[in-house]
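Spelled out from the first residue to the last, the chains are:
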Amino acid sequence: MQLLFERSKPGRKLSLIPACDVPAVDFGDAARDAAPRLPQLAEVDLGRHYTELCKQTHGVNDGFYPLGSCTMKYNPRVNEELSALPGFTGVHPLQPTATAQGCLEVIAKTSEMLNEICGMDAMTLQPAAGAHGEFTGLQLIRAYHLDRGDTARNKIIVPDSAHGTNPASAVMVGFEVVAVPSNEQGGVDLEALKEAVGEDTAGLMLTNPNTLGLFDPNILEITKIIHEAGGLCYYDGANLNAVMGHARPGDMGFDCVHVNLHKTFSTPHGGGGPGSGPVGCKEFLAPYLPGPLVAGNEGSYEFFTPEKSMGRVRSFYGNFLVVVRALAYILTLGKEGIPEASANAVLNANYLLKRLCDLYSVPFGEQCMHEFVIDVEPLKHDTGASAMDVAKRMLDFGVHPPTMYFPLIVHEALMIEPTETEAPETLDEFVDIMRSIYDEAQADGEKLHHAPFTRFIGRPDEVNAARKPILRYDFDGE
Ligand SMILES: *Cc1c(COP(=O)(O)O)cnc(C)c1O
């Protein structure tokens, strides 16, 4: 496929930008000497370029997208429409609050409803993603200990079944990470946890359901062990799609939590944003929250900053339009729809698990929450076909591959999360695809090393793409 610069022909153009209707300003010396070298194309060529690119990507509108941990569900279009209302898109963040009461109400109502769903008392909508929420929540824990003069608590306990962002966020905030192993059932090993806690424990970060798709049955015991050691408990709620409306982190003994609006609450993601990772906390942590927060009643909402606030973690009020989508989603589903959505997400995952577990090994797999992990190791042992090969072959069938090689505790892992928005026919089709890939592997495992066979790009050099990305067009080696 040709790049825009390769399609470019001098003099070709399109008229996207209207004529200037404000006085021209002379930038003097700051102005550039020559016009920027931009590709020159007719509108039709530009259109074809992007359509071609579009055909090479895979979104929820193209087909099944069981990317574990990412909750790639279908997001109702009505929420998109609502977030595009001019009253939301045309507002300026520095506008007097009296003229933006509707927007403040959106912030206040969304915080209130997410607090209800999570069992928390106060919430900031500022963090721009899940990992950013983790960073913010850990800052809360740190601020709390320091404010009490408890300066020796510098360790965060993270089970080995946690999402990879958990230990990374703890390090970003300046904590030391203490890893705790999983037990045979895939939950936190309580004895190891008891050994790990001490006077230097600042807190625990728990991903629940964890990356194996398991809800830890000892959750109350876990939070008790941490609290008795003087630490606080952080709940990674990015997997809230599995429990919302059924169980609340606040009731399980957690002091703070983040949720991913771009996973559970109806913002399309996968292209890199924008997201939103609100952080909720119990009353005693509220004074440290980032400001500004919103308080008040209809018609008289105001911003305020908590007394001991850690300061802002992002400009203005977070990714506001993502918040609008979340509120619209919560209001349309309502008190009955929210638990129904999570129940169906869990049902769909268990249906797939049951239908696949006779062919593929599911290491922790009697039952799961919203996702489960299959281990391709036995298939690889017998035929040579790896998790990567199986995932790559799925592309030929128009399915987005599951999350691969994660969690690390399962070596040939494929992490499958179907979500609640898929019909039984789609799940059955996926089972058929998984069965035929299994048969192909048995017939000729070697062949699968070369999959996919129908895609434009088959096996990109992922290490070089990450380490040495080429982000500039090379004009004849200049
Ligand atoms: C996605 C995810 C995160 C990180 O969220 P981002 O928005 O990608 O930063 C953290 N924890 C879990 C369990 C997740 O699934």
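Residues numbered from 1 in each chain as written. Predicted model: local features only at pLDDT ≥ 70, side-chain atom pairs only at ≥ 80, totals over all residues. Heavy atoms only, no water.

## Some thoughts on the side chain of T207
So, point 1. Tracing the backbone through its elements, the reader meets T207 in strand β4 (residues 201–207).
So, point 2. Within the structure, T207 has its side chain in polar contact with the backbone nitrogen of H163 (distance 3.1 Å).
So, point 3. Apart from the residues lying within four places of it in its own chain, the contact partners of T207 are A162, H163, N166, D236 and N239. (Helix = DSSP H or I, 4+ residues; strand = E, 2+ residues; numbered from the N terminus. Polar contact = N/O pair within 3.5 Å; in protein donor to acceptor, adjacent residues only side chain to side chain. Contact = heavy atoms within 4.5 Å.)

## Thoughts on the site of the ligand
So, point 1. Among the 14 residues in the neighbourhood of the ligand, the closest are listed as S69, G130, D236, H262 and K263.
So, point 2. At 2.7 Å from an oxygen atom of the ligand is found a main-chain nitrogen or oxygen belonging to G130.
So, point 3. Here an oxygen atom of the ligand sits 2.7 Å away from a polar atom, N or O, in the side chain of H262.
So, point 4. Looking at the shell around the ligand, the elements with two or more residues in it are α6 (130–147) and α10 (261–264).
So, point 5. Ranked by the residues each element gives to the shell around the ligand, the list is headed by α6, at three residues.
So, point 6. Its residues placed into classes, the shell around the ligand shows three nonpolar, eight polar and three charged. (Near = heavy atom within 4 Å. Nonpolar A, V, L, I, M, F, W, Y, C, P; charged D, E, K, R; others polar.)

## Observations regarding the packing of α6 against helix α7 (residues 165–172)
So, point 1. Across the interface, α6 lies against α7 with an axial gap of 9 Å and an inter-helix angle of 45°. Classified by the angle their axes make, α6 and α7 are oblique. Relative to α7, the crossing made by α6 is right-handed. The residues of α7 that touch α6, namely those facing A131, E134, F135 and L138, are T165, N166, S169, A170 and M172.
So, point 2. A class-by-class count of the residues in the contact of α6 with α7 yields five nonpolar, three polar and one charged. (Axes fitted to C-alpha atoms, helices over the stretch in contact; angles between N-to-C directions. Parallel < 35°, antiparallel > 145°, perpendicular 65-115°, else oblique. Left-handed = near helix turned anticlockwise from the far one by under 90°.)

## Considering the pattern of salt bridges
So, point 1. The final tally for this structure, using the stated rule, is 18 salt bridges.
So, point 2. The shortest N-O distance in the salt bridge between D358 and R435 comes to 3.2 Å. Here the residue D358 occupies a position in the loop between α11 (320–356) and β10 (372–375), and R435 occupies one in helix α14 (residues 424–443), the gap between them amounting to 77 residues.
So, point 3. Owing to a relative accessible area of 54%, D358 belongs among the exposed residues under this scheme.
So, point 4. The residue R393 makes a salt bridge to D396 at a minimum N-O spacing of 2.6 Å. In this pair, R393 and D396 both sit in helix α13 (residues 387–396), three residues apart, roughly one turn of the helix.
So, point 5. Among the residues examined, D396 registers a relative accessible area of 16% and is labelled buried. (Salt bridge = Lys/Arg side-chain N within 4 Å of Asp/Glu carboxyl O. Buried < 20%, exposed > 50% of the residue type's maximum accessible area, 1.4 Å probe, protein only.)

## Looking at the sheet that holds strand β2 (residues 155–159)
So, point 1. Taken together, seven strands build an open sheet; the order of strands is β1-β7-β6-β5-β4-β2-β3 and the sheet is mixed. Two strands in the sheet have a free side with no partner beyond their single neighbour: β1 (122–124) and β3 (176–180). Taken pair by pair, the neighbouring strands of this sheet meet at an average axis angle of 20°, ignoring direction.
So, point 2. Here strand β6 (residues 256–259) runs beside strand β7 (residues 279–281); their pairing, made up of three bridges, is antiparallel. (Pairing = 2+ DSSP bridges.)

## What about the sheet that holds strand β11 (residues 403–404)?
So, point 1. On the basis of which strands lie adjacent, the open sheet formed by three strands has the order β10-β12-β11 and antiparallel pairing. Looking at strand neighbours, the two that pair on one side only are β10 and β11, the edges of this open sheet.
So, point 2. Pairing analysis gives four bridges linking β10 to strand β12 (residues 413–416), with the strands arranged antiparallel. In the strand pairing of β12, I374 is matched with L414.
So, point 3. Across the sheet, α13 lies against β11 and β12, angled at about 45° from β12, the strand it touches most.

## So, the packing of α13 against α14
So, point 1. It is at 10 Å that the axes of α13 and α14 come closest, and there the two elements cross at 125°. Here α13 is positioned oblique relative to α14, judged by the angle of their axes. Viewed along their axes, α13 and α14 form a crossing whose handedness is right-handed. Along the contact surface, α13 presents V390, R393 and M394, while α14 presents F430, M434, I437 and E440.
So, point 2. Looking at the contact of α13 with α14 residue by residue, the classes come out as five nonpolar, no polar and two charged.

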